[in-house]
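# Inside the fold
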Amino acid sequence: MELSQITESLQRDAVWVVFMNVLLQQIGLPVPAVPTLLLAGSLAAGPGELAGVLAAAVLASVAADWVWYLAGRAFGYRVLSGLCRLSINPGSCVSQTEARFVRWGPGSLIVAKFIPGFSTVAPPIAGSLRMALPGFLAAAAAGAALWAGLALGAGWILRAQVQIAIGHLERNAGSAATALVSLLVVWLGWKLWQKYRFRKQAQIAHIAPAELLAAMRTPRAPLLLDLRGPAMVAQTGPIAGATVAELDKLSDAVGAWPKDRPIVTLCACPEDAGAVQAARLLLQAGYLSVRPLKGGYEAWLASTSPENDSVPDAPDGSADQQRTGA
């Protein structure tokens, strides 16, 4: 659709155009909403029309956030893991974002729209953590009003400049399209390079679940760092013998642990992303033996299930304790 057609649509029915644009963008589709809000603000006839468009944007944003909230409440960490798998960069693990949400509290929903990636992840995290619905809706509405209001307000204040820019883009549509495609290519290349870099960093020694279980029965048992998010730990329970840790606070988790003692990191992230990042940070801090658990939490569950007889029980019954703790 050309800019002139978009402009005509906004002049004719700005409320519905903005509502649908924001709804689709907040649901997770790659549809930019800020340019539409800027243009709608520049075309508004007066404060009353501007307020109507703002109300439509807020309603659409809250509706999308409510859908994600209900999904998180119904399916818990599975929604978060699914969103993490959709990320082009698995290093941005959901459990890290979840830890930040818990640390910042409900107020994080107000600034979520301004943080790339966090806007989509925050609502299902709130649902999985059983945040009260009235408080969630209030925070989501406040955040949407701030985000959409700033874009609409900027369009209104700079309406002359916005119209000049639109005219310039229409006269140079070919050059503008080339520039846009170039920017998209650069962005995609940057993301793919991040993915490639993570894959290279992930090529460190892992430990298999059976090997870990055997090592935890020895006098020199490794320290097991559980990097799952708070929602998943609360939903599935802690792992016996493990220390719950956050990637941003690894030093607090390891405490005075000797640097020559082994450490194993575990997460519920695609490609063991969080566990690999934690292992690398600890190795850089001087710890001599740090290995991510191959397959993460799902592999741990499979290896400690009662049906798995591949690992012999220890004489002191610690294997039974590991099974019941998972």
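Computed from a predicted structure; not experimentally measured. (Residues numbered from 1 in each chain as written. Predicted model: local features only at pLDDT ≥ 70, side-chain atom pairs only at ≥ 80, totals over all residues. Heavy atoms only, no water.)

## Points about the overall build of the protein
Selection criterion: Strands here mean DSSP runs of E at least two residues long; helices mean DSSP runs of H or I at least four residues long; both are numbered from the N terminus. Summary of the burial criterion: residues with accessible area below 20% of their type's maximum are buried, those above 50% are exposed, and those between are partly exposed, where the area comes from a 1.4 Å probe applied to protein chains only. Should any heavy atoms of two residues lie within 4.5 Å, those residues are considered in contact. Using the Shrake-Rupley algorithm and a 1.4 Å probe, accessible areas are obtained, with residue cover drawn only from the displayed protein chains.
Looking only at helices and strands, one finds 16 helices and 4 strands in the protein. In the protein, buried positions account for 44% of the 326 residues. Within the protein, counting contacts between residues at least 6 apart in sequence, those at least 24 apart form 74% of the total. Accessible surface for the protein amounts to roughly 16300 Å². Of this, 65% is attributable to carbon and sulfur atoms.

## Some details on the side chain of Gln-26
The line we're drawing: By the criterion applied in these results, polar contacts are pairs of N or O atoms within 3.5 Å in which, for protein atoms, one can donate a hydrogen and the other can accept it, and in which residues neighboring in sequence qualify only through two side-chain atoms.
Within the fold, Gln-26 resides in helix α1 (residues 3–27). For Gln-26, the side chain forms a polar contact with the side chain of Lys-113, separated by 2.6 Å. Once you skip the residues sitting within four places of it in the chain, Gln-26 turns out to touch Ser-61, Ala-64, Asp-65, Trp-68, Lys-113, Ser-119 and Trp-147.

## Details of the sheet that holds strand β4 (residues 290–292)
Note the cut-off: For two strands to be treated as a pair, DSSP must find no fewer than two bridges joining them. Fitted lines through C-alpha atoms give the axes, limited to the stretch in contact for helices. The angle between two N-to-C directions lies from 0 to 180 degrees.
Spatially, 4 strands are ordered β2-β1-β3-β4 in an open sheet, and the strand pairing comes out parallel. Looking at the sheet topology across the chains shown, the edges are occupied by β2 (242–244) and β4. Going across the sheet, the axis of each strand differs from the next one's by a mean of 30°, ignoring polarity. With 3 bridges connecting them, strand β1 (residues 223–226) and β2 associate as parallel partners. Considered in β2, the bridge of Leu-225 is made with Thr-243.

## A look at the packing of aromatic side chains
The condition that has to hold: A pair of aromatic rings is counted whenever rings of Phe, Tyr or Trp (Trp by its six-membered ring) have centres within 6.5 Å, and the orientation is called stacked for planes under 30 degrees apart, edge-to-face for over 60 and tilted otherwise. Any Lys NZ or Arg CZ found within 6 Å of a ring centre and within 35 degrees of that ring's normal is scored as a charge over the ring.
One pass over the structure, following the stated rule, counts 2 aromatic pairs. With a centroid separation of 5.7 Å and an interplanar angle of 75°, the aromatic rings of Trp-16 and Phe-19 are classed as edge-to-face. Remark: Phe-19 and Trp-16 occur in helix α1; sequence separation between them is 3 residues, near one turn of the helix. Arranged with centres 4.5 Å apart and planes meeting at 25°, the rings of Tyr-69 and Phe-136 form a pair that is stacked. Separated by 67 residues along the polypeptide, Tyr-69 in helix α3 (residues 47–75) and Phe-136 in helix α8 (residues 133–157) bring together distant segments of the chain. Residue Phe-136 is classed as buried on the basis of its relative accessible area, which comes to 0%. Looking at Arg-228, its charged tip hangs above the ring of Tyr-297, at a distance of 4.2 Å from the centre. For Lys-259, the ring lying beneath its charged end belongs to Tyr-287, and the centroid distance is 5.4 Å.

## Digging into a nonpolar patch on the surface
As a reminder of what qualifies: A residue counts toward a patch only above 30% relative accessible area and without a salt bridge, and it is joined to like-charged neighbours within 9 Å or, for Val, Leu, Ile, Met, Phe, Trp and Tyr, to nonpolar neighbours within 5 Å. Any carboxyl oxygen of Asp or Glu within 4 Å of a side-chain nitrogen of Lys or Arg constitutes a salt bridge here.
A cluster of nonpolar residues, Val-15, Trp-16, Met-20, Leu-24, Ile-27, Leu-29 and Val-67, forms a patch on the protein surface that exposes about 600 Å² of accessible area. Considering each element in turn, the nonpolar patch owes the most residues, 5 residues, to α1. For Val-15, the location among the structural elements is in helix α1.

## Points about the pattern of salt bridges
Taken as a whole and assessed by the stated rule, the structure comprises 3 salt bridges. Asp-65 is paired through a salt bridge with Lys-113; the nearest N and O atoms lie 2.9 Å apart. Of this pair, Asp-65 sits in helix α3 while Lys-113 sits in the loop between α6 (108–111) and α7 (118–128), and the two are 48 residues apart along the sequence. The exposure class of Asp-65 is buried, given its relative accessible area of 3%. Classification of Lys-113 as buried rests on a relative accessible area of 12%. In this structure, Arg-228 engages Asp-226 in a salt bridge whose closest nitrogen and oxygen atoms are separated by 2.8 Å. Judged by relative accessible area, Asp-226 falls into the buried class, the value being 1%.

## Some points on the packing of α3 against α8
Applicable threshold: Oblique is the label for any angle not covered by the other classes, which are roughly parallel (under 35 degrees), roughly antiparallel (over 145) and roughly perpendicular (65 to 115). When the near helix sits turned anticlockwise from the far one by under a right angle, the crossing is termed left-handed; a clockwise turn instead gives a right-handed crossing.
Between α3 and α8, the least distance of the axes is 8 Å, while the angle of their chain directions is 140°. It follows from the interaxial angle that α3 and α8 lie oblique. Here the hand of the crossing between α3 and α8 comes out right-handed. Seen from α3, the contacting residues are Leu-50, Val-53, Leu-54, Ala-57, Val-58, Ser-61, Val-62, Asp-65, Trp-66 and Tyr-69; seen from α8, they are Leu-133, Phe-136, Leu-137, Ala-140, Ala-141, Ala-144, Ala-145, Ala-148, Gly-149, Leu-152 and Trp-156.

## So, the pairing of strand β3 (residues 263–266)
Using the following cut-off: If the strands point away from the viewer and the path from the first strand over the helix to the second runs clockwise, then the crossover is right-handed.
Because side chains alternate across β3, one face comprises the buried residues Ile-263 and Thr-265, and the other comprises Val-264 and Leu-266, equally buried. Looking at chain direction, β3 and β4 are connected through 3 bridges and run parallel. Paired with Ile-263 across the bridge in β4 is Val-290. Note that the unit made of β3, helix α14 (residues 273–284) and β4 has a crossover that is right-handed.

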